[in-house]
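# Inside the fold
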Amino acid sequence: MSKEMNLTLKVWKQKDQNSPGQMKTYQAKKVSPDMSFLEMLDVVNEELIHQGQDPIAFDSDCREGICGTCSMVINGTPHGPNKGTTACELHMRHFKDGDVITIEPWRAKPFPVLRDLITNRSALDRIIQAGGYISANTGNPADANALPVSKKDADLAMDAAACIGCGACVAVCKNASAMLFVSAKVSHLGLLPQGKPERDRRVWNMVSQMDKEGFGNCTNTFACEAVCPKKVSVLFIARMNRDYALSVAKGQPDAS
Amino acid sequence: MNLIKAILLSSIGRKYIMAITGVALAAFVFVHLLGNLQLFLGADALNKYAVLLKSNFAVLWGYRLGLGTIALVHIVVALSLWVENRAARPVKYVVNTHPYADFASKMMVLGGVAIFFFVIWHILDLTAGAVRPELTEAKTMLGEKEVTDVYHVVLKGIGHPIAGFFYLVATCFLALHLWHGLESLLQSLGLRNSTYQLYIRLAARAAVIFLFAGMSLIPIVCMLGILK
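Residues numbered from 1 in each chain as written. Chains lettered and ligands numbered in written order. Predicted model: local features only at pLDDT ≥ 70, side-chain atom pairs only at ≥ 80, totals over all residues. Heavy atoms only, no water.

### Here's the deal with the overall build of chain B
- Counting its regular elements, chain B contains 10 helices and 2 strands.
- Listing each helix as α and each strand as β along chain B from the N terminus yields α-α-α-α-α-α-α-β-β-α-α-α.
- For chain B, with 228 residues in total, the buried portion stands at 38%.
- Considering only contacts within chain B whose residues lie at least 6 apart along the sequence, 70% involve residues at least 24 apart.
- Just so you have it, chain B exposes about 12600 Å², and 74% of that area is on carbon and sulfur atoms.
- Within chain B, the 10 negative side-chain charges are centred at a point lying 14 Å from the centre of the 18 positive side-chain charges. (Helix = DSSP H or I, 4+ residues; strand = E, 2+ residues; numbered from the N terminus. Buried < 20%, exposed > 50% of the residue type's maximum accessible area, 1.4 Å probe, protein only. Contact = heavy atoms within 4.5 Å. Areas by Shrake-Rupley, 256 points an atom, 1.4 Å probe, with all protein chains shown as cover. Lys, Arg positive; Asp, Glu negative; His and termini not counted. Charge placed at Lys NZ, Arg CZ, Asp CG, Glu CD.)

Here it is, written out as structure tokens:
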């Protein structure tokens, strides 16, 4: 049996988008090291509901690190101290008895806080809508090798496609820049033959939308790569910078 | 119109401007250092070089104005990006440490401001002679001609302990700025990839170490009074 822990949580509490928020302190008692971070919050919330208090609102869905819904900054690090994992994959064994854990929502102008730890990340959806797709209707899935794709490109596209769109890159960036997210989306389609025809237009439109949303600019600190739960490489940002230059050099593709 | 928007108004476009003006400014810094290292070749070598630099009025002022414009663009665009970056996070984190961004990258704006003020003082002092006029009035004979004794201007001007200290501090800021900048600009221009990233890092750091060594050597030598 592993030892149970008692923790102090300092959590951002905010009633709604228009109300001011503040940090509030909670006690998490008898936390098992085998719990995930979100399970720990579930237990705390059950206790709060029992006491007739307002539970801590947070986003979660798949709880296996593939949906990108959970979004909390734990002790200053999006998704917590563990590398290459989301908050839902973070286990309490990474904390010690008596720890004080600060939990905050993603902080960025394009991500308004809706309640407590829940932010509205529609800005990322609007960037996808601006060009993160392939518009040709291709019918049913083709035979696996009907369209030749080199192993190198397929692997690279897969690395970019690993992005789950959680927004941790924005949350950690000192400039709240979304470059890693956008570059992953631009690259994963641009590397594949199906996505190549719209490559120039895609990068132009997605970057334009990114700027419109009010994200900051990239200063190449590479903090995004360090906290990305899917370890998406900043080399995709260089790739996007290159794609953008080519797109501009070729003459701006139809501005929609 | 779209081209202007793509370059001047977009986030990536302005990073290109930062990178390209940064290359030009860094190139100047290296040429400036190499020129000044002629200090070690003796008074005549440096004074001859100074005469050569000032020999053509149009080239000299074209160069100065061009460089000034590039520096101004670098600063103005940097400030526009910085203002946006600040605005992109109106509510700060309670735990606000940025442990994942390296020190040099966090010092870009502060270091840039420090370098700006240093350069203004440096030009007023040693080029225009406005701060210590007695310094730049020194003349010497180069062959048949009477010329400004740049060699002794440098020795005395930078050899002054307070001035020398500022030169060393400014060198630290400049080295830190380029430590991040030289590598970062290739990322901004999209020229970094998995094949070259290691070489880019090594080359950028080697260049900065060379620059730092050369630039701190001059004030140290001048302050210690090794050269006469």
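Picking up where we left off.
### Re the overall build of chain A
- A tally of regular secondary structure across chain A gives 8 helices and 7 strands.
- The buried share among the 256 residues of chain A stands at 52%.
- At a minimum sequence separation of 6, the contacts of chain A that also span at least 24 residues come to 70%.
- Carbon together with sulfur atoms contributes 50% to the accessible area of chain A, which is approximately 11500 Å² in total.
- With 30 positive and 28 negative side-chain charges, chain A shows a spacing of 5 Å between the two charge centroids.

### Notes on the side chain of Thr8(A)
Residue and element names in this part refer to chain A.
- As for its placement among the helices and strands, Thr8 is situated in strand S1 (residues 5–13).
- A polar atom in the side chain of Thr8 sits 3.3 Å from the side chain of Gln27.
- In this structure, Thr8 is in contact with Thr25, Tyr26, Gln27, Asp99, Val100 and Ile101, ignoring residues within four places of it in sequence. (Polar contact = N/O pair within 3.5 Å; in protein donor to acceptor, adjacent residues only side chain to side chain.)

### Regarding the interface of chain B and chain A
- Facing the 39 residues of chain B at the interface are 50 residues of chain A.
- Summing both partners gives a buried area of about 3500 Å² for chain B against chain A, and 56% of it is carried by carbon and sulfur.
- Contact with chain A buries area across many residues of chain B, yet Tyr93(B), Tyr100(B) and Gln187(B) alone supply 20% of it, more than any other trio.
- Scanning the region where chain B abuts chain A turns up 0 salt bridges.
- Along the contact surface separating chain B from chain A lie 24 residue pairs in polar contact (both at pLDDT 80 or more).
- Within the residue set of the side of chain B that touches chain A, elements represented by two or more residues are helix H1 (2–9), helix H2 (11–36), helix H4 (57–87), helix H5 (103–106) and helix H9 (161–188) of chain B.
- Here the side of chain B that touches chain A takes 6 residues from H2(B), the largest share from any one element.
- Grouping the amino acids of the side of chain B that touches chain A by side-chain chemistry returns 16 nonpolar, 15 polar and 8 charged. (Buried area = accessible area lost by both parts, 1.4 Å probe. Salt bridge = Lys/Arg side-chain N within 4 Å of Asp/Glu carboxyl O. Nonpolar A, V, L, I, M, F, W, Y, C, P; charged D, E, K, R; others polar.)

### As for helix H3 (residues 43–53) of chain B
Residue and element names in this part refer to chain B.
- Taken as a whole, H3 has its buried residues at Leu46, Asn47, Tyr49 and Ala50. Burial along H3 is one-sided: seen end-on, the buried residues are contained in an arc of 155°. Of the residues in H3, the exposed ones pointing more than 90 degrees away from the buried face are Lys48 and Leu52.
- Those residues of H3 that are buried are in contact with H2, strand S1 (139–142), strand S2 (145–148) and helix H8 (150–159). (Arc of directions from axis to C-beta.)

### Observations concerning unusual backbone geometry
Residue and element names in this part refer to chain A.
- Despite not being glycine, Lys30 has its phi angle at roughly 50°, a positive value.
- When you line up the elements, Lys30 lands in strand S2 (residues 22–31).
- When its relative accessible area of 59% is taken as the criterion, Lys30 is described as exposed.
- For Asp116, which is not a glycine, the phi torsion comes out positive at approximately 45°.
- On the secondary structure map, Asp116 appears in the loop between strand S6 (113–115) and strand S7 (118–119).
- For Asp116, a relative accessible area of 1% puts it in the buried group.

### Remarks on the packing of H2(B) against helix H10 (residues 197–224) of chain B
Residue and element names in this part refer to chain B.
- Following both chains from N to C, one finds H2 and H10 inclined at 45°, their axes separated by 10 Å at the closest point. By the angle between their directions, the pair H2 and H10 is classed as oblique. Between H2 and H10 lies a crossing whose hand is left-handed. Here Val29, Phe30, Leu33, Leu34 and Asn36 of H2 lie close against H10, whose contacting residues are Ala207, Phe210, Leu211, Gly214, Met215 and Ile218. (Axes fitted to C-alpha atoms, helices over the stretch in contact; angles between N-to-C directions. Parallel < 35°, antiparallel > 145°, perpendicular 65-115°, else oblique. Left-handed = near helix turned anticlockwise from the far one by under 90°.)

### Some points on a nonpolar patch on the surface
All names here are of chain B.
- On the surface, a cluster of nonpolar side chains totalling about 860 Å² of accessible area is made up of Leu79, Trp82, Val83, Val109, Val113, Phe116, Phe117, Ile120, Leu124 and Val131.
- Sorting the residues of the nonpolar patch by element identifies H4 and helix H6 (108–127) as the ones contributing at least two each.
- Among the elements that line the nonpolar patch, the one with the most residues is H6, at 6 residues.
- Of note, Trp82 is situated in helix H4.
- A relative accessible area of 36% places Trp82 in the partly exposed class. (Patch = residues over 30% accessible without salt bridge, like charges linked within 9 Å, V, L, I, M, F, W, Y side chains within 5 Å.)

### As for the environment of Gly98(A)
Residues and elements named next belong to chain A.
- Along the chain, the position of Gly98 falls in the loop between strand S4 (77–78) and strand S5 (100–104).
- For Gly98 and Gln27, which are 71 residues apart along the polypeptide, the C-alpha to C-alpha distance reads 10.0 Å.
- Apart from residues lying up to four places away in sequence, Gly98 is in contact with Asn6 and Leu7.

### Let's talk about the domain arrangement of chain A
Residues and elements named next belong to chain A.
- Assigned domains within chain A: domain 1 (5–114) and domain 2 (122–135 + 144–255).
- For domain 1 versus domain 2, the distance between C-alpha centres works out to 29 Å.
- Around 1400 Å² of area is buried between domain 1 and domain 2 when both sides are counted, 65% of it from carbon and sulfur atoms.
- The three residues of domain 1 that bury the most area against domain 2 are Pro78, Pro110 and Phe111, which together make up 35% of that side's buried surface.
- For the pair domain 1 and domain 2, the number of links is 0 salt bridges.
- One can count 2 residue pairs in polar contact (both at pLDDT 80 or more) joining domain 1 with domain 2.
- Looking at the side of domain 1 that touches domain 2 residue by residue, the class counts come to 8 nonpolar, 7 polar and 2 charged. (Domains from an automatic or database assignment.)

### Considering the pattern of salt bridges
- In the structure shown here, the tally under the stated rule is 17 salt bridges over all chains.
- Note that Lys250(A) is salt-bridged to Asp200(A), the shortest N-O span being 3.1 Å. In this pair, Lys250(A) sits in the segment after helix H8 (235–249) while Asp200(A) sits in helix H6 (residues 199–213), placing the two residues 50 residues apart along the sequence.
- For Lys250(A), a relative accessible area of 58% corresponds to the exposed category.
- In this structure Asp200(A) comes out as partly exposed when scored by relative accessible area, which is 24%.
- Between Glu84(B) and Arg14(B) there is a salt bridge, with the nearest N and O atoms lying 2.9 Å from each other. Residue Glu84(B) is found in helix H4, and its partner Arg14(B) is found in helix H2; the two are separated by 70 residues along the sequence.

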